[in-house]
Amino acid sequence: DVKVTQSSRYLVKRTGEKVFLECVQDMDHENMFWYRQDPGLGLRLIYFSYDVKMKEKGDIPEGYSVSREKKERFSLILESASTNQTSMYLCASLKRGGNTEAFFGQGTRLTVV
Amino acid sequence: GNSVTQMEGPVTLSEEAFLTINCTYTATGYPSLFWYVQYPGEGLQLLLKATKADDKGSNKGFEATYRKETTSFHLEKGSVQVSDSAVYFCALVTGTASKLTFGTGTRLQVTL
């Protein structure tokens, strides 16, 4: 069974903390994505990676960075968490080529207090 | 850049009603088009897809046709059920890097 696994379902962090969200896929996919999902705003792309050590900014990269040291793992980093980063974070992976489906993790609900 | 525009929700229908959720897109090149569904408390999963113009994707009674001339990929179902209540996302993948772009999602509520 194909799988995208996010390290935590729920996280509570304090303002100013450095936060790491981890995502691992077991499908040998080249592409991995981080989105945040907010009511009324849908899924907004934060960053995506199309190969190891390769990354590209999405629509809302401010306040975030990413790391892809291994093909199966894509980490989202909040350098200094703020309350406006309270959200649901979704990781996805996709085999490059465009005509296959993306697979999603279950999401991490992050609350910054 | 690429973008996907979906009709605003929520959409509220009675069971057995006909459903249409509009989706239009802007993209360079020839994107592949997808509908994803998110049931309450669950992650996103693929509902259907179409990879070239005039293709029709279908699954679970839902259908969508890739219309290049109108840059649209509207989702339809002839008779909705309460179990179809969910959020539906239109999406596209394009480019050599296969970037995945979503619309804002449309919440569907089906009542008895």
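All values derive from a computational prediction rather than experimental measurement.

### As for the environment of B:Leu44
Tracing the chain through its elements places B:Leu44 in strand E6 (residues 44-50). When its relative accessible area of 8% is taken as the criterion, B:Leu44 is described as buried.

### Some words on the pattern of salt bridges
All names here are of chain A. Within this structure, the stated rule accounts for nine salt bridges over all chains. A salt bridge links Lys-18 to Glu-79, with the shortest nitrogen-to-oxygen separation between them at 3.7 Å. Here Lys-18, found in the loop between strand E2 (10-13) and strand E3 (19-25), pairs with Glu-79, found in the loop between strand E8 (73-78) and strand E9 (87-94); they are 61 residues apart in sequence, far enough to count as distant. By relative accessible area, Lys-18 is classed as partly exposed at 46%. The exposure class of Glu-79 is partly exposed, given its relative accessible area of 40%. Salt-bridge contacts for Arg-73 lead to Glu-22; the nearest nitrogen and oxygen are separated by 3.9 Å. Here Glu-22 lies in strand E3 and Arg-73 lies in strand E8, a separation of 51 residues in the sequence. Residue class for Arg-73 comes out partly exposed when judged on its relative accessible area of 40%. Looking at Glu-22, the relative accessible area reads 22%, which means it is partly exposed. Here the salt bridges share partners, and the residues they tie into one network are Arg-36, Asp-38 and Arg-44.

### Concerning the nonpolar core
Residue and element names in this part refer to chain B. Core analysis: the largest hydrophobic core is formed by 26 residues, its most contacted members being Leu-19, Trp-35, Leu-47, Leu-48, Phe-73, Leu-75 and Tyr-88. Secondary structure elements with two or more residues in this core: strand E2 (11-14), strand E3 (19-21), strand E4 (23-26), strand E5 (32-38), E6, strand E8 (62-65), strand E10 (86-94) and strand E12 (106-111). No other element matches E10, which puts four residues into this core. Leaving out residues up to four positions away in the same chain, Leu-47 has contacts with Trp-35, Tyr-36, Val-37, Asn-59, Lys-60, Phe-62, Leu-75 and Tyr-88.

### A short note on the packing of aromatic side chains
Where two aromatic rings form a pair, the distance of their centres and the angle of their planes describe that pair. Evaluation of the coordinates by the stated rule reveals 13 aromatic pairs over all chains. Consider the rings of A:Phe33 and A:Tyr35, whose centres lie 6.0 Å apart with planes at 20°: the pair is stacked. An identical accessibility class is assigned to A:Phe33 and A:Tyr35; each is buried. Between A:Phe48 and A:Tyr50, the ring centres sit 6.2 Å apart and the planes meet at 50°, which makes this aromatic pair tilted. Classification of A:Tyr50 by relative accessible area gives partly exposed; the value is 23%. Members of the aromatic cluster, joined through ring pairs, are A:Phe33, A:Tyr35, A:Phe48, A:Tyr50, A:Phe104, B:Phe34, B:Tyr36, B:Phe89 and B:Phe102.

### Examining the sheet that holds strand E1 (residues 4-6) of chain A
All names here are of chain A. In space, the four strands of this open sheet follow the order E1-E3-E8-E7, with antiparallel pairing throughout. Looking at which strands have only one partner, the edges of the open sheet turn out to be E1 and strand E7 (64-70). Between one strand axis and the next, the sheet turns by 20° as a mean value, whatever way the strands run.

What counts, and where the lines are drawn
Residues numbered from 1 in each chain as written. Chains lettered and ligands numbered in written order. Predicted model: local features only at pLDDT ≥ 70, side-chain atom pairs only at ≥ 80, totals over all residues. Heavy atoms only, no water. Helix = DSSP H or I, 4+ residues; strand = E, 2+ residues; numbered from the N terminus. Buried < 20%, exposed > 50% of the residue type's maximum accessible area, 1.4 Å probe, protein only. Salt bridge = Lys/Arg side-chain N within 4 Å of Asp/Glu carboxyl O. Core = buried A, V, L, I, M, F, W, Y, C linked by side-chain atoms within 4.5 Å. Contact = heavy atoms within 4.5 Å. Phe/Tyr/Trp six-rings, centres within 6.5 Å; stacked < 30°, edge-to-face > 60°. Pairing = 2+ DSSP bridges. Axes fitted to C-alpha atoms, helices over the stretch in contact; angles between N-to-C directions.

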